[in-house]
Amino acid sequence: MSFEQLGLAAPLLKAVAEQGYLTPTPIQQQTIPLILDGRDVLAGAQTGTGKTASFTLPLLQLLAESDIKPQKPRKIRALILAPTRELAAQVYDSVRAYGKHLPLFAEVIVGGVSINGQIRSLQRGCDIVVATPGRLLDHLLQRHIDLSHLQMLVLDEADRMLDMGFLPDIRRIIGHLPKQKQSLLFSATFPEEIKGLAKQLLHEPAEVSVAPHNTTADNIKELCYGIGKEYKRELLSYLIGSNNWKQVLIFVRTKHGADRLEKQLIKDGIRTAALHGDKSQGARTRALEQFKAGQVAALVATDIAARGLDIDDLPHVINFDLPQVPEDYIHRIGRTGRAGANGEAISLVCPEEAYQLAQIEKLLGRELPRVADTGYEPVSLKVENRSNPKAPKNPSGKKDYRHHKKTPNRGGKPAGKPPRRAPAK
Ligand code: AMP
């Protein structure tokens, strides 16, 4: 199937060709004709499937073809809500890139930047707004934005917006929108609250889904290293250094953990930056740009900060800490293996995380492949007390199963120095 066959107009086909896309991805094949047909859509798609183009392309086409003559100033006719500033910025970039040959104007409205500049932009008028819910609601309540002419609403990564506590804001925003509109809801997972929101918002929606929910892409090679917590950093530095990885996204659980790991990796001689919610917008943008440009090899991020980052061809994702919420495993490793490229997702799992690992495997319906010989003393990843994950996993207090054969490469030696024996792949 080609983009032409999906019914896209010439200016969009030209923009798609300029992006270098040859064929539509499965989510694009399914979704674009439905949206062009005016249907509400409920789409199950994770990041990396080409979902942004699957709603942006038909949205641009419908706005461009709409009978309504552009008014002066332009009235907002489409609103795209995204969970994070980074994702909103990426969606905005996609809108600009795909809409390059159309006379449509877009603005991005996110928190963390001056509100006055945004007010001026909104006063100038535009056709499309890409926004995070909190800041958009501020503008709505202060009457800086008029959404009464809205024709299309997109909720992107709805499950993530739920996780981040945006659901009340989204409901309030929806309350300010015209009843008659086309609505599209994209989500990687479908917890009950998202189903409820879909029911409230969507009118006889067409349902599409690319990978079955809660599974991960085939082209991602997953590996799990069972390892004592105290050796994770050392193994990580070794993996990066010995394989000469140039672009690794590393997930940690906390902001503090991100800062600490960043410092340790830098000590190990690895060019590293951290991305988390306590960093200023400038620092976050800078970290991302340096990572994309290859100036830093490792980006350490929390789940929220990393959500929706569009980094092309990201080859390696590391779960330094397993996520608390099993669905986040799918979101995290969705950063790699995008649009058909091959990726590798490695989890460093200590015995204290056995419960989270079991939850992830339950969600996936399969075991993560274990690395048989990690080069370290084997550890048990069996859950010892399922009902209480916080209970001590080793009541005897013996530390035997986490003892390392040796402790090489401690104390900030350069990266790439292997443990005694190379970890088996
Ligand atoms: P998304 O799932 O929207 O985050 O897209 C993931 C990546 O796939 C982005 O880098 C897009 O630029 C890229 N992409 C989207 N559609 C296509 C396509 N039809 N062919 C190749 N790459 C694509």
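Preceding this paragraph is the structure being described.
Attention in this report is confined to the structure presented alongside it. (Residues numbered from 1 in each chain as written. Predicted model: local features only at pLDDT ≥ 70, side-chain atom pairs only at ≥ 80, totals over all residues. Heavy atoms only, no water.)

## With respect to the nonpolar core
- In this structure, Leu57, Ile80 and Ile128 are the most contacted members of the largest nonpolar core, which totals 39 residues.
- At 7 residues, helix H3 (residues 51-65) tops the list of elements feeding residues into this core.
- If sequence neighbours within four positions are ignored, Leu57 has contacts with Phe3, Leu8, Leu12, Val16, Ile32 and Tyr98.
- Leu140, Ile145, Leu147 and Leu197 belong to the second largest nonpolar core, which has 33 residues in total. (Core = buried A, V, L, I, M, F, W, Y, C linked by side-chain atoms within 4.5 Å. Buried < 20%, exposed > 50% of the residue type's maximum accessible area, 1.4 Å probe, protein only. Helix = DSSP H or I, 4+ residues; strand = E, 2+ residues; numbered from the N terminus. Contact = heavy atoms within 4.5 Å.)

## What to know about helix H15 (residues 354-364)
- Inspection of H15 places Ala354, Gln356, Leu357, Ala358, Ile360, Glu361 and Leu364 among the buried residues, and these make up the whole buried set.
- Where H15 is buried, its residues contact strand S8 (220-226), helix H14 (327-333) and strand S13 (343-349).

## Details of the pairing of strand S6 (residues 182-187)
- Judged by how many residues are buried, S6 sits mostly within the fold: 6 of 6 residues are covered.
- When strand S1 (residues 41-44) meets S6, the two strands line up parallel, connected through 4 bridges. Within the sheet, the bridge partner assigned to Val41 lies in S6 and is Leu184.
- The pairing of strand S5 (residues 152-155) with S6 spans 4 bridges and is classified as parallel. (Pairing = 2+ DSSP bridges.)

## Topic: the sheet that holds S13
- With respect to topology, 6 strands assemble into an open sheet ordered S8-S13-S12-S9-S11-S10, the strand pairing being parallel. At either end of the open sheet lies a strand with only one pairing partner, and these are S8 and strand S10 (272-275). With strand direction ignored, the average angle separating the axes of adjacent strands in the sheet is 20°.
- Across 4 bridges, the pairing between strand S9 (residues 248-251) and strand S12 (residues 316-319) is parallel. Paired with Ile250 across the strands is Ile318, a residue of S12. (Axes fitted to C-alpha atoms, helices over the stretch in contact; angles between N-to-C directions.)

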